[in-house]
Amino acid sequence: AKRSSVEKVVEFEPFMLFERREKADMLADLRQALGAGQFFPAYQAVICLEDESIIGAEALVRWQRTGHGLVRPDQFLPTAEESGMIGELTEYLLDRVLEDVKMWRTAGLVTNAFKVHLNVTSRELHDLRFADAVLAALRHHDLPASVLCLEITENRLMSGDNLHRYTLLALQKMGVEVFIDDFGTGYSSISYLRQLPVAGAKIDKSLVDGIAGDSTQESFLRAISDLIAACNLKCIVEGVETAGQSAKLKAMGFTTVQGFYYAHPVDSAGFSELLIQGL
Ligand code: C2E
Ligand code: CA
Ligand code: CA
Ligand code: CA
């Protein structure tokens, strides 16, 4: 007889044990990785489309894990979040990125308008001390709040959440910009834009992928960007991979982009070089 899905039982598979061990190993490694200095920010250039200059950088965390090489965030961030260590990791990265921006400013490699973008989770927004920690870090490095932009992935944001609102308002008051990340992929995008105190939205790569050939995709992207503009918010388009996409975006009136077509994420030294040599 055919079994209904309700009756389906989870059968034991050897890989489950393996996965559980992998995860336990990762947790143990993650705990000591912070102290061992194994995390570092990779920087991807944020580009002004008009003159193709570098106007900022997004910091993307990397883990140099002993015995595993370079590990990408998707592979360890979920575990870091579950374990509760993400807050510590964010504060560590914040310190590192501000140190780097200070260095680039002092060396004259960037103007005062240069912004560094750091990804944060809704967990950090839930921490009442987070805004103060950001302010303390800025003071420590003697930098104005305007150098920093925080990116939050919208699918975990809740506009009705008072703690989120509290932190977002505190950051806004300080002068730190907050962007909604991966915009155009969630369900409640529109209400977030209208209800949360944010400075802008980053349009997800998936909305850019087909624009060079597909007019439906183009109309959709235009609708999303009109929505952002209607809320008086800034907008960055991510995931630009080809000259065709870049030309299209420029023709559509977009001003700020990111993507492999312009630059891949590189470590701090690599980004210094990029700033010196240009794209
Ligand atoms: P995201 O914030 O949407 O970042 C963009 C991701 O797309 C990055 O992957 C970047 O390397 C990649 N990317 C950039 N340009 C292109 C392109 O033109 N084509 C393609 N195919 N990919 C491109 P990455 O570094 O693996 O990061 C994945 C995600 O992990 C990020 O997505 C972000 O949500 C999260 N993440 C990264 N660093 C941090 C961090 O320091 N803290 C937190 N909380 N999350 C982070
Ligand atoms: Ca991001
Ligand atoms: Ca994205
Ligand atoms: Ca993302």
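Residues numbered from 1 in each chain as written. Chains lettered and ligands numbered in written order. Predicted model: local features only at pLDDT ≥ 70, side-chain atom pairs only at ≥ 80, totals over all residues. Heavy atoms only, no water.

Asks: How do you make sense of the overall build of the protein chain when you look at a structure like this?
Replies: Along its length, the protein chain carries 10 helices and nine strands. In summary, the protein chain has a C-alpha radius of gyration of 20 Å against a globular reference of 19 Å for 279 residues, a match within 12%. Judged by the C-alpha coordinates and their principal axes, the protein chain covers about 65 × 45 × 40 Å. Out of the 279 residues in the protein chain, the part that is buried amounts to 45%. Within the protein chain, contacts between residues at least 6 apart in sequence are counted, and of these 68% link residues at least 24 apart. Carbon and sulfur atoms make up 52% of the accessible area of the protein chain, which amounts to about 14,600 Å² in all. (Helix = DSSP H or I, 4+ residues; strand = E, 2+ residues; numbered from the N terminus. Rg over C-alpha atoms; globule rule 2.2 N^0.38 Å. Buried < 20%, exposed > 50% of the residue type's maximum accessible area, 1.4 Å probe, protein only. Contact = heavy atoms within 4.5 Å. Areas by Shrake-Rupley, 256 points an atom, 1.4 Å probe, with all protein chains shown as cover.)

Asks: Mind showing me how you'd approach the coordination of the calcium ion (ligand 4) here?
Replies: Reference geometry at the metal: tetrahedral coordination by four donors gives ideal angles of 109.5 degrees; octahedral coordination by six donors gives 90 or 180 degrees. Every protein donor of the calcium ion (ligand 4) is accounted for by Asp-182 (OD) and Asp-182 (OD), and the metal-donor separations fall at 2.4 to 3.2 Å. Metal-to-metal, the separation of the calcium ion (ligand 4) and the calcium ion (ligand 2) is 5.6 Å. In this fold, Asp-182 is placed in strand S6 (residues 177-183). (Donors = N, O, S within 2.8 Å, 3.2 Å for Na, K, Ca; no water.)

Asks: Just to check I follow, could you spell out the pairing of strand S4 (residues 115-120) for this structure?
Replies: Residues in a regular strand project their side chains so that they alternate between the two faces of the sheet. Buried residues dominate S4, accounting for five of its six residues. Of the strand pairs in this sheet, strand S2 (residues 53-65) and S4 are connected by four bridges, and their pairing is parallel. Bridging from a neighbouring strand, Ala-57 pairs with Val-116 of S4. In this structure, S4 lies alongside strand S5 (residues 148-153), joined through five bridges in parallel fashion. Bridging across to S5, Asn-119 finds its partner in Glu-151. (Pairing = 2+ DSSP bridges.)

Asks: Hey, could you run me through the coordination of the calcium ion (ligand 3) in this one?
Replies: Protein ligation of the calcium ion (ligand 3) involves Asp-182 (OD), Asp-204 (OD) and Glu-238 (OE), the donor distances falling in the range 2.0 to 2.6 Å. Along the chain, the residues that donate to the calcium ion (ligand 3) are spaced as D-x21-D-x33-E. The distance between the calcium ion (ligand 3) and the calcium ion (ligand 2) comes to 5.9 Å. One end of the pair, Asp-182, is in strand S6; the other, Glu-238, is in the loop between strand S8 (234-237) and helix H9 (243-251), with 56 residues separating them in the sequence.

Asks: When you look at the side chain of Thr-79 in this model, what are you seeing that I'm missing?
Replies: Looking at the element boundaries, Thr-79 is found in helix H2 (residues 73-83). Excluding anything up to four places from it in sequence, Thr-79 contacts Lys-23, Met-26, Leu-27 and Leu-30.

Asks: Which parts of the structure should I look at to understand the site of ligand 1?
Replies: Among the 22 residues in the neighbourhood of ligand 1, the closest are listed as Gln-44, Arg-62, Arg-72, Glu-241 and Phe-260. One of the backbone nitrogen or oxygen atoms of Val-61 is found 3.1 Å away from a nitrogen atom of ligand 1. At 3.2 Å from an oxygen atom of ligand 1 is found a side-chain nitrogen or oxygen belonging to Asp-182. For the shell around ligand 1, the leading source of residues is S2, giving four residues. A class-by-class count of the residues in the shell around ligand 1 yields eight nonpolar, five polar and nine charged. (Near = heavy atom within 4 Å. Polar contact = N/O pair within 3.5 Å; in protein donor to acceptor, adjacent residues only side chain to side chain. Nonpolar A, V, L, I, M, F, W, Y, C, P; charged D, E, K, R; others polar.)

Keep in mind that these numbers describe shape and distance, not what the molecule does.
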